[in-house]
Every structure is written in C-alpha cells, then in structure tokens.
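# Chain and residue survey
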Amino acid sequence: MVVRNQAVLTARFNKLQADPTDIDAFCQLDGYAGLKKVVEMDKTAVLDELDRAVLLGRGGAAYPAGKKWRHLFYAKGQPKYIVCNADEGEPGTFKDKALIEHDPLAIIEGMTIAGYMFDSPQGYIYIRGEYRNLHRCLRKALVQARAANFLGENILGITGFNYDIKIISGAGAYVCGESSALLNSIEGKTGRPRVKPPHLADVGLYLQPTLVNNVESYANIPVIIREGGAAFKALGTEKGGGTKLICLTGHVKNRGLFEVNLGTPLYDILYSEKYGGGSSTGRPLKFIHFGGQSGPIGAVAQLKDCLYSYDGLWANNLAIGSGALVVMDDSVSIIDYLNSVAAFFAHESCGKCTPCRIGTLRILEALEKFQKKEAVPGDLEVFESMLTHVTQLSACGLGQSVATSMVSSLKLFPEEFELAINRQTAEQKEVLW
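Residues numbered from 1 in each chain as written. Predicted model: local features only at pLDDT ≥ 70, side-chain atom pairs only at ≥ 80, totals over all residues. Heavy atoms only, no water.

### Some thoughts on the overall build of the chain
Within the chain, the secondary structure is distributed over 18 helices and eleven strands. Its C-alpha atoms give the chain a radius of gyration of 22 Å, near enough to 22 Å, the size a compact globule of 433 residues would have. Across the 433 residues of the chain, 57% fall into the buried class. In the chain, of all internal contacts separated by at least 6 residues, the share reaching a separation of at least 24 is 71%. Accessible surface, the chain: about 17500 Å² in total, of which carbon and sulfur atoms supply 51%. For the chain, the separation between the mean place of its 45 positive charges and that of its 46 negative charges on side chains is 3 Å. (Helix = DSSP H or I, 4+ residues; strand = E, 2+ residues; numbered from the N terminus. Rg over C-alpha atoms; globule rule 2.2 N^0.38 Å. Buried < 20%, exposed > 50% of the residue type's maximum accessible area, 1.4 Å probe, protein only. Contact = heavy atoms within 4.5 Å. Areas by Shrake-Rupley, 256 points an atom, 1.4 Å probe, with all protein chains shown as cover. Lys, Arg positive; Asp, Glu negative; His and termini not counted. Charge placed at Lys NZ, Arg CZ, Asp CG, Glu CD.)

### Description of the side chain of Glu-49
Of note, Glu-49 is situated in helix α3 (residues 43–53). Since its relative accessible area comes to 18%, Glu-49 is described here as buried. Setting aside residues no more than four positions away along its own chain, Glu-49 makes contact with Met-41, Ile-224, Gly-228, Gly-229 and Ala-230.

### What about the environment of Gly-323?
Mapped onto the secondary structure, Gly-323 falls in the loop between α12 (310–314) and β11 (324–329). Gly-323 gets classed as buried once you look at its relative accessible area, which sits at 0%. Between the alpha carbons of Gly-323 and Thr-391 there is a distance of 22 Å; along the sequence they are 68 residues apart. Residues in contact with Gly-323, not counting those within four places in the same chain, are Lys-244, Leu-245, Ile-246, Cys-247, Gly-291 and Tyr-308.

### A closer look at the packing of aromatic side chains
Inspection of every chain in the model, using the stated rule, returns 18 aromatic pairs. Ring plane angle 65 degrees and centroid distance 5.9 Å describe the contact between Phe-258 and Tyr-275, whose orientation is recorded as edge-to-face. Here Phe-258 is found in strand β6 (residues 256–261), whereas its partner Tyr-275 is found in the loop between α11 (266–271) and β8 (285–290), with 17 residues between them in sequence. Each member of the pair, Phe-258 as well as Tyr-275, carries the same accessibility label: buried. For the pair Phe-370 and Phe-417, a centre-to-centre distance of 5.7 Å together with 80 degrees between the ring planes defines the contact as edge-to-face. Of this pair, Phe-370 sits in helix α14 (residues 354–371) while Phe-417 sits in helix α18 (residues 414–419); the two residues are 47 residues apart in sequence, bridging distant segments of the chain. Pair check on accessibility: Phe-370 and Phe-417 agree, each one buried. (Phe/Tyr/Trp six-rings, centres within 6.5 Å; stacked < 30°, edge-to-face > 60°.)

### Remarks on the sheet that holds strand β2 (residues 122–128)
Here four strands make up an open sheet; going across it, the order is β3-β2-β1-β4 and the pairing parallel. The open sheet has two edge strands, β3 (164–170) and β4 (210–214), and neither has a second partner. The sheet shows a mean angle of 20 degrees between the axes of neighbouring strands, direction not considered. Pairing between strand β1 (residues 81–85) and β4: five bridges, direction parallel. Of the residues in β4, the one forming a bridge with Val-83 is Val-212. (Pairing = 2+ DSSP bridges. Axes fitted to C-alpha atoms, helices over the stretch in contact; angles between N-to-C directions.)

### Considerations on the sheet that holds strand β5 (residues 243–250)
If you trace the five strands from one edge of the open sheet to the other, you get β6-β5-β11-β8-β9, paired in mixed fashion. Every interior strand has two partners, whereas the edge strands, β6 and β9 (297–299), have only one. Sheet twist, expressed as the average angle between the axes of neighbouring strands with direction ignored, equals 30 degrees. The strands touched by helix α5 (residues 95–102) are β5 and β6; relative to β5, the strand with the most contacts, the crossing angle is about 115 degrees. Where helix α17 (residues 404–412) meets the sheet, its contacts fall on β8 and β9, and the angle it forms with β9 comes to roughly 20 degrees.

### Quick look at the nonpolar core
The tendency in soluble globular proteins is for nonpolar side chains to be buried side by side. With 61 residues, the main nonpolar core has Tyr-32, Leu-35, Trp-69, Ile-107, Met-111 and Tyr-218 as its most contacted residues. With nine residues, the top contributor of residues to this core is helix α6 (residues 104–117). Apart from the residues lying within four places of it in its own chain, the contact partners of Tyr-32 are Ile-23, Phe-26, Cys-27, Leu-105, Ile-108, Glu-109, Ala-145 and Phe-150. (Core = buried A, V, L, I, M, F, W, Y, C linked by side-chain atoms within 4.5 Å.)

### Notes on unusual backbone geometry
With an omega of 0 degrees, the peptide bond between Gln-78 and Pro-79 qualifies as cis. When you line up the elements, Pro-79 lands in the loop between α4 (65–74) and β1. The omega angle of the peptide bond from Lys-196 to Pro-197 is 5 degrees, so this bond is cis rather than trans. Residue position: Pro-197 is located in the loop between α8 (179–186) and β4. Phi at Asp-30 takes a positive value of approximately 75 degrees, unusual for a residue other than glycine. Counting through the fold element by element, Asp-30 comes out in the loop between α1 (23–28) and α2 (33–38). With relative accessibility at 41%, the residue Asp-30 sits in the partly exposed group. Despite not being glycine, Leu-156 shows a phi value in the positive range, around 55 degrees.

Structure, rendered in structure tokens:
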C-alpha cells in the first residue's frame, strides 16, 4: 500500500516492505525503543506522559487513552488483561488493516508496554476471521517477538516480566467492534454487548480488570514513550495530540491511506495534490461521511474553514470517528446514499434489543419509500420520530449511532426529502408498524 504522506505511524511502511515481521529490521528503525525505555521509568511517570500526549482513542469514541490507562492502573484485582480491538469492520475504513499488514510489531510493542504497566500475563488481539492474510502476518510477528525475548518469560531479562499475546478469530460481526461484545466473543459467548456499568476496566474479560484499545491507539504508545508526551501532542492540537491515519475514498482523485497531523485544514485534505487532489469526476464535491457508517455527514460547501482535528470537527457537529472520509460529488442523491447506510445497520444489528432489531428495518423501509418517491405527507415526521426512538432506546452504540448520518443529512439537504414526498396523496393519519 502506498502511503502518500509519511509521518509517525507510517514511517516504517516502505522501509519494511521486504518483510514487515523482520524483528532485526524493526529494531534498527526504533522498534522496541519504547519498551526498553518504559521498563526504566516509574510507572506513574508513564501515565503522566500519556496524559501530556492527549492521545484520544483512535477506535472512534475518542476517549482519552491516559485516563483509560490510569483507571486500569488503580483498578483492584489480578490478573489484568490487555485486549487489542482489530475487528475493523467499518465500511470505508482500512487503516488498522494497513498497520497490521505493514508494521505489526508496532502494535505488539504497544501491547507489551501495556502488559508491563499492568503486570498482565496475557494479551489478546481480536481480529475477524475473513482477514486470513493478516492472521498469518500477526502470527509470524508474534513468533519473531518470542524468539527475540520480547514476549514470553522474563522479557528483556527482567525476572517476573512474563507476558504473551494470543490471536482470537472473530466471526465477522460488526457489533463485536463494541468493547463488551468483543470480550463476550473472546470468552466464547454470543458477541452481544453487556449492560454497563460496571466499567470494563473494573469488570472486563473473565470478570477481571481489562484494557481494550484499538490497533492505531496501541501503535501510538511506543511513539509517545520514545519521543515524550509533549512532542507527541505538538504533532496535533491542544485538545488532541499526534497524527491520524485517514482513509480517503469516494469521488477524489487520490484515494487511499494518509497520515495527517491533527489540525490540518480539511480543504487541504480534499483538494491538495498531497492528499485527495480534488474531485475525480470533475463535478463539485457535495458531502463527506466522516468516521464510517456510524458517523455524521457534512456538506463540503460549509466546511471551507474547518480543521481536521477532534475539536475542529466537534465545533461543526462532526467527528473523526474511525478516520474514514467518504467523499461524494453532487451527482449522488443523499437518499440513495443513506439507503446503503441503513441496509448496513439492518444487516449488522445483533438483535439483542427490540429498538435496534426492529427499528433498523423500519428505518430502511422508510428510506426505500423516499428513494422510490412513494412517501406520503406525514412520512417524514414518522421517519424523524423513528430515528429519535432508535437512538434513545437502543442498548449499545450500534443502535445509538444508526441515526447519526441521517439526522445530519436531514438538516443539510431537507429539500431532497421534501421532493421525495408525493403531495398529491392524502395525508397519512395512522402509522402502520
């Protein structure tokens, strides 16, 4: 994979092309420098560096990594488990797959640092079973790490530093990207979300304190330890440090994986030759779907001064999410686009709770009516009411985020929904569920 802008996380991609699992080559390129440094540090000083770095979780929720690690550090109970969420199933997102394919040892190093910090005996990488080539890459990398004494017993010659990592193959359920559903799946249970609280840092895998972080989050940990939290933060903004891997797809000339400094102008990402290169069709760009299917939609024309950062997007009622940017030009109907989003959620709902199980299907049916221009007066109000109910009543983040793209689209492009309503039909008085 060609990465057009190299910064921190992608710095080794081209240099390890021959064999990304070659541990000697990895170590020559600052590999395991973070682990070697962390074992010489006071553990509370490590937590302080994470706080200074302002690393926000790269899986989508943007929860501060320093806060999550500190919570687990002081949580009571042993053993503590380290879990890597590599179940990347968000359409339009492929940055975790790229990290696993091109620099798997960086992820393993980050998890091993966590293993040392929390005196954990065991880590788990949860990755969906369809990614067979990535399974092979991770297995080979783990073998190399064990052979070089970076995993196993007495790591780095430190008595009692015993830690290993297992790969868990998932069945391809999107809902297992949710942390508690992922832990249930590791335990051999049905991959459905748990009721929270308790927090997973207190009662997680096998009811023990557990750290769950995303692939990209773990890959950032050695960088923070090696370079220092302040230097990492300086790569981004005051409210979100570092760089971000983004997946640029849709109607842009340069589609693919990019690493950008948080705070980069969004229009630079869309139009500069360094990144997107502008419209691939010659038509004006219309909207961007941010952060995967569960993210909000923004109108390109309204985002000229927007910065691609956590606070910059939040100020515009948008979010970074997984880092996906799906860009569409003005030939695309927003209703047609949302129909595919609704179909995805209806298919991926785990069925545990009624609002999501039934609601996702009803949302899809409503959008199909708009798409076919069969909607009647009253359907739009019913649609908006369904979006509210499914959001507020669903048990987990899957159902709670179904409406995100749709609510934002209703505000941005209300005329497209209005034009899909047949005003010649008598007003609908009763909703048939």
